[in-house]
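Now for the letters of each chain:
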Amino acid sequence: MIHIGLVGFGAVAFVIKQGFTMITKEYDIHFTIYVRDTSKILSEYQDIITSNDKIIQIGSLEEVDNKQIQTLFGWIDYLINTSVPSNNLPMMKIAQSIGAIYIDLASVITTDMLGSQSFPQMSYQQAFVDNSLLALINAWVSPGITECIIADIVTSSWSTPRSIAIYLQEHLYTNGALPSRSPITGIEELTTNPARIENGQIKTTRPFNRRVKKSISYQDENEVINIPISHYPLFQEELMSICQQRPQSENICIRTWWGEVEEIKTLIEFGVLSEKESDGIGSKTFKELFISTLPSAATRNQIIQWYNQWSIDTIYFWALIEIEMTNGDTHKALIAFDKERWTSLQSTPCRWATYISYPTGIATVCMIDNLIKQWDHSSWVYNALEYA
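Residues numbered from 1 in each chain as written. Predicted model: local features only at pLDDT ≥ 70, side-chain atom pairs only at ≥ 80, totals over all residues. Heavy atoms only, no water.

## Digging into the overall build of the chain
Then, in step 1: A tally of helices and strands in the chain yields 15 helices and 17 strands.
Then, in step 2: Scored against the burial criterion, the 388 residues of the chain give a buried share of 53%.
Then, in step 3: Taking contacts inside the chain between residues at least 6 apart in sequence as the whole, the part at least 24 apart equals 69%.
Then, in step 4: Accessible surface computed for the chain: about 18000 Å², of which carbon and sulfur atoms make up 49%. (Helix = DSSP H or I, 4+ residues; strand = E, 2+ residues; numbered from the N terminus. Buried < 20%, exposed > 50% of the residue type's maximum accessible area, 1.4 Å probe, protein only. Contact = heavy atoms within 4.5 Å. Areas by Shrake-Rupley, 256 points an atom, 1.4 Å probe, with all protein chains shown as cover.)

Structural data, given as structure tokens:
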């Protein structure tokens, strides 16, 4: 029997839970789900909650004392942060206390961290080693599976990488406004000054600068679409983890595009996302006022409704990896999840997953499945590329 704790339950946690019924049927897995409000999960996901599952309402993790840790988490074997990165460190403390394997999907990062190339979770490295525990951080699709692919390419080559570029592209086109990812998260990502490694040096630039047009072909019903799209530099966890494990790479850059990127760019240029305070409306900035009006990511029920109304025209996610080796060889790899594959999900336990939550959740399931089967009880705090 394996006990998995999911802290936070949304689109990705849904896929992780259902993914185990698709990929790892041989395990007797029991889930404990920790949420701030049990009513939401019971209304949104009632049909997937089984008699083996526990749902526990919990407040701030930082306020959980040692006695409560044992009462609330004592039976957990794998503790997974499917909420927000700010919960990483409190959850690592809990995992250390109960002797659980810890997994998270993202990190709190700043460009200042590039110099040390150390994630905040690394502060628990010695504690996990001393207690023979394992933590796998940034373990989803990008970073995560993309890094495993990079590791596989480099391992099978007779050379070392000179440059590594990743192009992330995603889109959801509907008859109305249906955000498949949190618009607030997207704005925060795009308004942060992106960083890259250029000729072995850390470089930063202003948002939406140094765009590169990249064509990624995809099938739209009976037509092959191949349109060059502007991809913009993005600063995310993957840049740091690649720097850690491939320090010989002279050039490393992550670029992105999705349906709302150009709209966000326009809002910035028009000053709508300005950090200046607005006149006559308290002390809030224009950006704070605008963000307060935005919707959250689409719920499962909304996805169901829009799908049944034939309102989803195009939906896809791609991660294109390009590696240039020091011997002149080039390698490309593409992770693709398009409308055809998304539609095929509707006959599986992961039906109604979004184009982002499915590759994210399934990637995490695959990594946990690998841990269950092959973990040699080594203790460390790994990022996905290091573990690969």
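On we go from here.
## Considerations on helix H14 (residues 357–374)
Then, in step 1: With 18 residues, H14 should reach 26 Å at 1.5 Å per residue; the first-to-last C-alpha distance of 26 Å fits that figure.
Then, in step 2: Of all the 18 residues making up H14, 13 are buried; the element is thus mostly covered by neighbouring parts of the structure. (Expected span 1.5 Å × (residues − 1).)

## What to know about empty space enclosed by the protein
Take a probe with the size of a water molecule and roll it over the atoms, and the empty space left behind shows itself.
Then, in step 1: Going through the model one piece at a time under the given rule, you end up with 2 cavities of 30 Å³ or more.
Then, in step 2: Estimates place the volume of the second largest cavity at around 40 Å³.
Then, in step 3: Around the second largest cavity, the lining residues are Glu 189, Leu 190, Thr 192, Pro 194, Pro 207, Phe 208, Tyr 232, Pro 233 and Leu 234.
Then, in step 4: At the level of secondary structure, the elements contributing two or more residues to the lining of the second largest cavity comprise helix H8 (183–191) and strand E13 (228–233). (1 Å grid on protein atoms, 1.4 Å probe; cavity = no way out; pocket = protein on both sides within 12 Å on 5 of 7 lines; lining within 4 Å. Points joined across faces, edges and corners; volume = space filled by probe spheres on them.)

## Examining the packing of aromatic side chains
Then, in step 1: Scanning all chains against the criterion turns up 7 aromatic pairs.
Then, in step 2: On the basis of an interplanar angle of 80 degrees and a centroid distance of 5.0 Å, the ring pair of Phe 9 and Tyr 45 is categorised as edge-to-face. Of this pair, Phe 9 sits in the loop between strand E1 (2–7) and helix H1 (11–23) while Tyr 45 sits in the loop between helix H2 (38–44) and strand E3 (54–57), placing them 36 residues apart in sequence. Here Phe 9 and Tyr 45 have matching classes, each one buried.
Then, in step 3: Among the aromatic residues, those joined into a cluster by ring pairs are Phe 9, Phe 14 and Tyr 45.
Then, in step 4: Across the ring face of Trp 75, the terminal group of Lys 54 is positioned such that the distance to the ring centre comes to 4.1 Å. (Phe/Tyr/Trp six-rings, centres within 6.5 Å; stacked < 30°, edge-to-face > 60°. Lys NZ or Arg CZ within 6 Å of the ring centre and 35° of its normal.)

## Some remarks on the nonpolar core
Then, in step 1: Ranked by internal contacts, the top residues of the largest apolar core, which has 101 residues, are Ile 4, Phe 9, Phe 73 and Ile 103.
Then, in step 2: Setting aside chain neighbours within four positions, we find Ile 4 in contact with Phe 20, Ile 29, His 30, Phe 31, Thr 32, Ile 76, Tyr 78 and Ile 80.
Then, in step 3: Of all hydrophobic cores here, the second largest spans 13 residues; its members include Ile 187, Phe 208, Trp 258 and Val 261. (Core = buried A, V, L, I, M, F, W, Y, C linked by side-chain atoms within 4.5 Å.)

## Notes on helix H10 (residues 261–269)
Then, in step 1: All of the buried residues in H10 are Val 261, Ile 264 and Lys 265. Buried positions in H10, seen along its axis, are confined to an arc of 105 degrees and lie on one side of it.
Then, in step 2: On the buried face of H10, the contacting elements are H8, E13 and strand E14 (251–258).
Then, in step 3: Looking one or two residues past H10, Gly 271 carries a phi angle of roughly 85 degrees, positive in sign. (Arc of directions from axis to C-beta.)

## Side note on the pairing of E3
The side chains of a regular strand alternate between the sheet's two faces.
Then, in step 1: As paired elements, strand E2 (residues 29–35) and E3 share 4 bridges and run parallel to each other. Bridge pairing links Val 35 to Gln 57 in E3.
Then, in step 2: Handedness of the crossover joining E2 and E3 through H2 is recorded here as right-handed. (Pairing = 2+ DSSP bridges. Right-handed = clockwise from strand over helix to strand, strands pointing away.)

## Here's the deal with a negative patch on the surface
Then, in step 1: On the surface, Glu 260, Glu 262, Glu 263 and Glu 269 cluster together into a negatively charged patch.
Then, in step 2: Here Glu 269 lies in helix H10.
Then, in step 3: In this structure Glu 269 comes out as exposed when scored by relative accessible area, which is 57%. (Patch = residues over 30% accessible without salt bridge, like charges linked within 9 Å, V, L, I, M, F, W, Y side chains within 5 Å. Salt bridge = Lys/Arg side-chain N within 4 Å of Asp/Glu carboxyl O. Lys, Arg positive; Asp, Glu negative; His and termini not counted. Charge placed at Lys NZ, Arg CZ, Asp CG, Glu CD.)

## Here's the deal with the packing of helix H3 (residues 66–73) against helix H4 (residues 88–98)
Then, in step 1: Remark: H3 packs on H4, axes separated minimally by 10 Å, with the N-to-C direction vectors making an angle of 75 degrees. Accordingly, the angle class assigned to the pair H3 and H4 is roughly perpendicular. From H3, Asn 66, Ile 69, Gln 70 and Phe 73 reach across to H4, where they touch Lys 93, Ile 94, Ser 97 and Ile 98.
Then, in step 2: Among the residues forming the contact of H3 with H4, the class breakdown is 4 nonpolar, 3 polar and 1 charged. (Axes fitted to C-alpha atoms, helices over the stretch in contact; angles between N-to-C directions. Parallel < 35°, antiparallel > 145°, perpendicular 65-115°, else oblique. Nonpolar A, V, L, I, M, F, W, Y, C, P; charged D, E, K, R; others polar.)

## Focus: the pairing of E14
Then, in step 1: Most of E14 is tucked away, with 7 of its 8 residues classed as buried.
Then, in step 2: Sheet topology places E13 next to E14; 2 bridges connect them, and they run antiparallel. Bridging across to E14, Tyr 232 finds its partner in Thr 256.

## Let's talk about the pattern of salt bridges
Then, in step 1: Under the defined criterion, the tally for this structure stands at 6 salt bridges.
Then, in step 2: Note that Lys 17 and Asp 53 form a salt bridge whose closest N and O atoms lie 2.9 Å from each other. Pair noted here: Lys 17 is in helix H1 and Asp 53 is in the loop between H2 and E3, with a separation of 36 residues, a long-range link. Here the two residues Lys 17 and Asp 53 agree in accessibility, since each one is buried.
Then, in step 3: Here Lys 214 makes a salt bridge to Glu 322, at a shortest N to O gap of 3.0 Å. Taken together, the residues span a long stretch of sequence, with Lys 214 in strand E10 (residues 212–215) and Glu 322 in strand E15 (residues 312–325) at a distance of 108 residues.
Then, in step 4: Overall, the relative accessible area of 16% leaves Lys 214 in the buried class.

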